[in-house]
Amino acid sequence: MTLDTSRPSLKMKSVETACNDAPTGSKKDAALQHLLAAQKARKEMSEAETNVELDAARSALE
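Overview of the structure.

All right, on to the nonpolar core then. By size, the foremost hydrophobic cluster in this structure holds 9 residues: Met12, Val15, Cys19, Ala31, Leu35, Ala38, Leu54, Ala57 and Ala60. Mapped onto this core, the elements with two or more residues apiece are helix 1 (8-21), helix 2 (26-43) and helix 3 (47-60). Apart from the residues lying within four places of it in its own chain, the contact partners of Cys19 are Lys28, Ala31, Leu32, Leu35 and Leu61.

Dropping the structure here:
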């Protein structure tokens, strides 16, 4: 079963889990910064910015 990560709430949860499970280090720190920016954008009701930041967080962990 794959999650529909096109929905911001599911994508947010997926990225949060990935950040929490990541080993400590610079990649995790960068991902957490993007995650915080995504959470801020979500509160501001900016779905596009939320998605950009979530994608950046996911990329930072690679």
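That covers the picture; the talk isn't over yet.
Glancing now at unusual backbone geometry. Of note in this structure, Met45 is not a glycine but carries a positive phi near 65°. For Met45, the position within the fold is in the loop between helix 2 and helix 3.

One can describe the packing of helix 2 onto helix 3 by two numbers: an axis separation of 8 Å at closest approach and a directional angle of 170°. By the angle between their axes, helix 2 is roughly antiparallel relative to helix 3. Of the residues in helix 3, those in contact with Lys27, Ala30, Ala31, His34, Leu35, Ala37, Ala38, Ala41 and Arg42 of helix 2 are Glu49, Thr50, Glu53, Leu54, Ala56, Ala57 and Ala60. Of the residues that constitute the contact of helix 2 with helix 3, the class distribution is 10 nonpolar, 2 polar and 4 charged.

Before going further, it helps to examine the pattern of salt bridges. Considering all chains together, one arrives at 1 salt bridge under this definition. Among the salt bridges present, the one from Lys11 reaches Asp55, with a minimum N-O distance of 2.7 Å. One end of the pair, Lys11, is in helix 1; the other, Asp55, is in helix 3, and 44 residues separate them in sequence. Classification of Lys11 by relative accessible area gives buried; the value is 8%.

On to helix 2, then. Given 3.6 residues per turn, any residue in an α-helix points the same way as the ones three and four places further on. Spanning 18 residues, helix 2 covers 26 Å between terminal C-alpha atoms, matching the ideal 26 Å at 1.5 Å per step. Among the residues of helix 2, those classed as buried are Lys28, Ala31, Leu35, Ala38 and Ala41. Buried residues in helix 2, looked at end-on, bunch into an arc of 140°, giving them a common side. More than 90 degrees from the buried face of helix 2, the exposed residues found are Ser26, Gln33, Leu36, Lys40 and Lys43. A positive backbone phi angle near 65° is found at Met45, which sits one or two residues after helix 2.

What counts and how
- Residues numbered from 1 in each chain as written.
- Predicted model: local features only at pLDDT ≥ 70, side-chain atom pairs only at ≥ 80, totals over all residues.
- Heavy atoms only, no water.
- Core = buried A, V, L, I, M, F, W, Y, C linked by side-chain atoms within 4.5 Å.
- Buried < 20%, exposed > 50% of the residue type's maximum accessible area, 1.4 Å probe, protein only.
- Helix = DSSP H or I, 4+ residues; strand = E, 2+ residues; numbered from the N terminus.
- Contact = heavy atoms within 4.5 Å.
- Axes fitted to C-alpha atoms, helices over the stretch in contact; angles between N-to-C directions.
- Parallel < 35°, antiparallel > 145°, perpendicular 65-115°, else oblique.
- Nonpolar A, V, L, I, M, F, W, Y, C, P; charged D, E, K, R; others polar.
- Salt bridge = Lys/Arg side-chain N within 4 Å of Asp/Glu carboxyl O.
- Expected span 1.5 Å × (residues − 1).
- Arc of directions from axis to C-beta.

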